[in-house]
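Chain by chain, the residues:
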Amino acid sequence: MAFTDFSCVYYDDGDKLGKLLAYAALIPYVLILFHASAFYCRRCAARPVAPPEPLTLTRLLDIRRDIHEAVIFAGLVLNEGVARALKHLLAHPRPPATCAKLDLCDEFGMPSSHTQCIAFAFAVHALLCARGFALKSLSTRLVEGFESIALLVATAMVATSRVYLGYHELEQVAAGACLGMLLGAATYATLSWKLWAGIASSPLGRFFHLKSTLTSSELDRLELEARFYRKLKPE
């Protein structure tokens, strides 16, 4: 047996497809780190304003952390907690044919937390891309469409890897996918709460340089963007 350098996902030595799927199983970890860093490092990575450059509203928003990235990250953490709690509650065993080889016979497998995590991310991203879709420019639609398809492919690869490598049975992966998309949709629904705008504008929000973009004002911004691109089109 061989395994990946990070997280020790086992696959049969010499199995090229298994090796590919083993590395695909690490995608959920990458997504969690991405959303954590997207919130934390937003202001750190902002380009400093030169003295002659005016501090416009666009520039002010650019150097603030989006509170919704924190909400999505919190949703990912909660999603993982739900998966682990259900594993102990349901006590559904790992596949008996492979659990001994993987040294997992003393652990439970319902639902697949890897699949649940990637399905959660896909659901949130797809719904965010669909938000105000008709008002977005063609380039934005194409980029977001490509990102959604890429996440869908990643979801399929992660789900396939958990069954192919013997970590889970098919029903465990299916349960993880359904639950992940359900919790992802629920998290997306919370992003429109006015609570986040209130937190961002509070003294605490100003201290942490927070901003809230997924409100009605964002749809107004998308409408202005759509009008701008329509003016650029030749008659």
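Chains are numbered independently. Their residues run from 1 in the order of the written sequence. In keeping with the predicted nature of the model, local features appear solely for residues at pLDDT of at least 70, side-chain atom pairs appear and are counted solely at 80 or more, and the whole-chain, interface and lining totals rest on all residues. Side-chain numbers here rest on the full set of heavy atoms in the structure, without hydrogens or water.

Where do I start with the overall build of the chain in this structure?
Counting secondary structure elements, the chain contains eleven helices and four strands. Excluding contacts between residues fewer than 6 apart, the proportion of contacts in the chain whose partners are at least 24 apart in sequence is 70%. Per-residue accessibility takes into account occlusion by the displayed protein chains alone, with areas from the Shrake-Rupley method and a 1.4 Å probe. Counting every atom, the chain has about 13600 Å² of accessible surface; 69% of that belongs to carbon and sulfur. A run of H or I in DSSP counts as a helix once it spans at least four residues, and a run of E counts as a strand once it spans at least two, with each numbered from the N terminus. In what follows, a contact means two residues having at least one pair of non-hydrogen atoms within 4.5 Å.

Would you explain helix H7 (residues 138-164) in this entry?
Helical geometry note: an α-helix holds 3.6 residues per turn, so side chains three or four residues apart project in the same direction. Given the number of residues in a helix, its expected span is that number minus one, multiplied by 1.5 Å. Helix length check: H7 (27 residues) gives 38 Å between terminal C-alpha atoms against 39 Å at 1.5 Å per residue, within 8%. Type-normalised accessible area, obtained with a 1.4 Å probe on protein chains alone, sets the label of each residue: buried when under 20%, exposed when over 50%, and partly exposed for intermediate values. Listing the buried residues of H7 in full gives Glu144, Ser148, Leu151, Ala154, Thr155, Val158, Ala159, Ser161 and Arg162. Positive backbone phi, approximately 85°, marks Gly166, located one or two places after H7.

Whenever I open this one, the side chain of Asn79 confuses me. Can you help?
Tracing the backbone through its elements, the reader meets Asn79 in helix H4 (residues 67-90). Given the relative accessible area of 2%, Asn79 is considered buried. Here a polar contact means two N or O atoms within 3.5 Å. Within protein one must be a hydrogen donor candidate and the other an acceptor candidate, and residues neighboring in sequence count only if both atoms are side-chain atoms. A polar atom in the side chain of Asn79 sits 2.9 Å from the side chain of Gln116. In this view, Asn79 contacts Gln116, Cys117, Phe120, Gly180 and Leu183; residues no more than four positions away in its chain are not counted.

How do you make sense of the packing of aromatic side chains when you look at a structure like this?
Pairs of aromatic rings are described using the distance from one ring centre to the other and the angle between the two planes. Planes of paired rings set the category: under 30 degrees apart is stacked, over 60 is edge-to-face and the rest tilted, where pairs are Phe, Tyr or Trp rings (Trp by its six-membered ring) whose centres lie within 6.5 Å. Applying the stated rule across the entire model yields zero aromatic pairs. In this scheme, Lys NZ or Arg CZ marks a charge over a ring once it lies within 6 Å of the ring centre and within 35 degrees of the ring normal. One Lys or Arg, Arg162, reaches over the ring of Tyr167 and ends 4.4 Å from the middle of that ring.

Honestly, the pattern of salt bridges in this entry has me stumped. Any pointers?
As a working rule, side chains carrying opposite charge can pair if their charged atoms are close by. By salt bridge we mean one thing: a side-chain nitrogen of Lys or Arg within 4 Å of a carboxyl oxygen of Asp or Glu. As enumerated under the stated definition, the model contains two salt bridges in all. Among the ionic pairs, Glu80 bridges to Arg84, the shortest N-O distance being 3.0 Å. With Glu80 and Arg84 both in helix H4 and four residues apart, this pair spans about one turn of that helix. Classification of Arg84 by relative accessible area gives exposed; the value is 53%. For Arg94, the salt bridge goes to Glu107, with nearest N and O atoms at 3.8 Å. Within this pair, whereas Arg94 is found in the loop between H4 and helix H5 (99-102), its partner Glu107 is found in the loop between H5 and helix H6 (113-130), the two being separated by 13 residues in sequence.

Got a minute to help me understand unusual backbone geometry in this structure?
That bond from Met110 to Pro111 is cis: its omega, 0°, falls within 30 degrees of zero. For Pro111, the location among the structural elements is in the loop between H5 and H6. The phi torsion at Ala91 lies on the positive side, around 50°, for a residue other than glycine. Turning to its location among the elements, Ala91 is positioned in the loop between H4 and H5. Judged by its relative accessible area of 37%, Ala91 is partly exposed.

In this structure, what is going on with the side chain of His168? I would like to understand it.
As for its placement among the helices and strands, His168 is situated in the loop between H7 and helix H8 (170-190). In this structure the side chain of His168 is engaged in a polar contact, spanning 3.2 Å, whose partner is the side chain of Arg94.

I would appreciate a short explanation of the nonpolar core in the present structure.
Note that soluble globular proteins tend to have their nonpolar side chains buried in a common cluster. Membership of the largest hydrophobic core is limited to twelve residues, which are Ile67, Val71, Ile72, Leu76, Cys117, Phe120, Val124, Tyr188, Leu191, Trp196, Ala200 and Leu210. If you list the elements that add at least two residues to this core, you get H4, H6 and helix H9 (194-201). Formed by nine residues, the second largest nonpolar core is a distinct cluster that contains Val9, Tyr11, Leu104 and Tyr167. For the purposes of this section, nonpolar cores are sets of buried Ala, Val, Leu, Ile, Met, Phe, Trp, Tyr and Cys residues that join through side-chain atoms within 4.5 Å.

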